[in-house]
Amino acid sequence: MLQRYIRLEEIAEDSLFLWGPRQTGKSTLLKELFPQAPYYDLLKSEVFNRYNLRPERLREECMMFEEGQIVIIDEVQKIPKLLDEVQWLIVNRGIHFILCGSSARKLKRAGANLLGGRALRKVMYPLVSKEIPDFDLDKAVNYGMLPRHYLTANPVKRLQAYVGDYLQQEIIAEALVRNLDSFTRFMEVAAISDGEMVNFTKVASECGVSSKTVKEYFSIIQETLVGFFVPAYTKTVKRRIQVSPKFYYFDIGVVNSILHRAPLNRGTAEYGHAFEHLIIQELAAYLDYSESAHRLSFWHTLNNAYEVDAVIGDAVAAIEIKSSENITSSHLKGLKAFSEEHSGCKLMVVSLEERPRMMNGVEIWPAKEFLSRLWAHKLF
């Protein structure tokens, strides 16, 4: 059994929303951490029907519990009406709830009671390197970090089923789009654009829909936690910079499956793109899980002369991600340009080199050692 990094200690004093895409391991984690807690699984039709017909039944049952009892409701977005009962039980009986689901979009769209700040929000990510003994970098780059995909010997078919059954059906159903073909095409174009600055007009043209529609599609992907934006670092000193965000799917295995690009071999451009995505995926999870005050961003000059793949906080650290086994001075141009405007910033390169070294004031890290130090809080 893998030990997940996410912490839920707040449940001792507060209720929690736990969101995350399907198959990130939310249900498995909750059953492991709270094996004695009453567990309401709304994916089961008989459970769904029971509480959908009579939401007040939840209140009637929980009235039998002691104050401080932890109660888990899985797939809570399926019955928004339950949240009125949940709020009453939190306020009047001191019950602590963990409300689990794939996203809050359906609840918001239905005007559901989101408990007025009475429940903290947590997000669960795919596996991270810290959680995996003998972490296999190349496997992660190829097949991603969803537990069912990373831990199996044959992840290709499972990835295809995941993309087909979950992304192509549940996300489309959630979107309530009129043109399913255009949304499916959008998901492909978004995968092609993964890790690049978003040009809404260009994406709209390739999908055959309006820019307004494309922005709504991106909103759906973001709100269902299937993708996220990394904003541009906008603090300027001398150079004019790009301000459009970059888009990433939540897991690199999903991107590879949508684009039918596997296996990926070191030394290819496709491997380089996937390698960069994986490191960004780990950085995003680390900053969220650690409840860091630092924001993840990137830096790109308007004339395309210089770029830095990741900037941590207010220029606390700048990180280039290169799938090269031999980092040279040409790989450092963006970092050096950034440091000219932001002195004191820690400069790093994540690479495929065998050993860490210092080059012209820049720390060169092998990827696995970088990730190990990241999760040990030893980088910034």
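This structure is a prediction, so every number in the text was calculated from the model and none was measured. (Residues numbered from 1 in each chain as written. Predicted model: local features only at pLDDT ≥ 70, side-chain atom pairs only at ≥ 80, totals over all residues. Heavy atoms only, no water.)

### Comments concerning the overall build of the protein chain
Defined as follows: Each helix is a run of DSSP H or I of at least 4 residues and each strand a run of E of at least 2, with the numbering of both proceeding from the N terminus. Here the globule rule reads 2.2 Å times residues to the power 0.38, and the radius of gyration is calculated from C-alpha atoms. Between buried and exposed lies partly exposed: a residue is buried under 20% and exposed over 50% of the maximum accessible area for its type, with that area taken using a 1.4 Å probe on protein chains only. Contacts between residues were defined by any pair of non-hydrogen atoms, one from each residue, lying within 4.5 Å. The method behind every accessible area is Shrake-Rupley, applied with a 1.4 Å probe, and residues are considered shielded solely by the protein chains displayed. Here Asp and Glu are counted as negative and Lys and Arg as positive; His is not counted, and neither are the chain ends. The atoms used to mark charge sites are NZ of Lys, CZ of Arg, CG of Asp and CD of Glu.
Regarding its fold elements, the protein chain presents 15 helices and 13 strands. Computed over C-alpha atoms, the radius of gyration of the protein chain comes to 22 Å, within 12% of the 21 Å expected from 2.2 N^0.38 for 380 residues, which places it in the range of a compact globule. The buried share of the protein chain, taken over its 380 residues, is 54%. In the protein chain, the proportion of contacts linking residues at least 24 apart, taken out of those at least 6 apart, comes to 69%. Carbon and sulfur atoms make up 47% of the accessible area of the protein chain, which amounts to about 17,400 Å² in all. Within the protein chain, the 47 negative side-chain charges are centred at a point lying 2 Å from the centre of the 47 positive side-chain charges.

### Some words on the side chain of S257
On the secondary structure map, S257 appears in helix α12 (residues 252-258). In this structure, S257 is in contact with L159, Q160 and V163, ignoring residues within four places of it in sequence.

### Concerning the packing of aromatic side chains
The following threshold applies: Between the rings of Phe, Tyr and Trp (Trp by its six-membered ring), a pair exists once the centres lie within 6.5 Å; its type follows the angle of the planes, with under 30 degrees stacked, over 60 edge-to-face, and the other angles tilted. Ring-over charges, as used throughout, are those where CZ of Arg or NZ of Lys falls within 6 Å of the ring centre and within 35 degrees of the ring normal.
Going through the model one piece at a time under the given rule, you end up with 22 aromatic pairs. Relative to Y289, the ring of Y125 lies with its centre 5.3 Å away and its plane at 85°, an arrangement referred to as edge-to-face. Residue Y125 is located in the loop between β5 (119-123) and α6 (137-143), and its partner Y289 is located in helix α13 (residues 269-289); the two are separated by 164 residues in the primary sequence. We classify Y289 as buried; its relative accessible area is 11%. Ring geometry for F183 versus Y217: centroids 4.8 Å apart, planes at 90°, classification edge-to-face. Of this pair, F183 sits in helix α9 (residues 180-192) while Y217 sits in helix α11 (residues 211-223), and the two are 34 residues apart along the sequence. Side by side, F183 and Y217 carry an identical accessibility label, which is buried. It is R7 that lies over the ring of Y5; its NZ or CZ is 4.8 Å from the centre. Just above the ring of Y150 sits the side chain of K139; from NZ or CZ to the centre is 5.2 Å.

### Focus on the sheet that holds strand β9 (residues 307-312)
As a general point, the strands of a sheet are linked pairwise by backbone hydrogen bonds and lie either parallel or antiparallel. Our working definition: A pair of strands counts as paired when DSSP detects no fewer than two bridges linking them. Inter-axis angles, ranging from 0 to 180 degrees, are taken between N-to-C directions of lines fitted to C-alpha atoms, where helices are fitted over the stretch in contact.
The strand order across the open sheet built from six strands is β8-β9-β10-β11-β13-β12, with neighbouring strands paired in mixed fashion. Strand pairing shows two members of the sheet lacking a second neighbour, β8 (296-300) and β12 (357-359), which therefore form its edges. Each neighbouring strand pair of the sheet contributes to a mean axis angle of 30°, computed without reference to strand direction. Bridge count between strand β10 (residues 317-321) and strand β11 (residues 346-351): five bridges; the pairing is parallel. Looking across to β11, one finds that E320 is bridged to V349. Along the sheet, helix α14 (residues 333-341) makes contact with β8, β9, β10, β11 and β13 (362-366), crossing β9 at roughly 55°.

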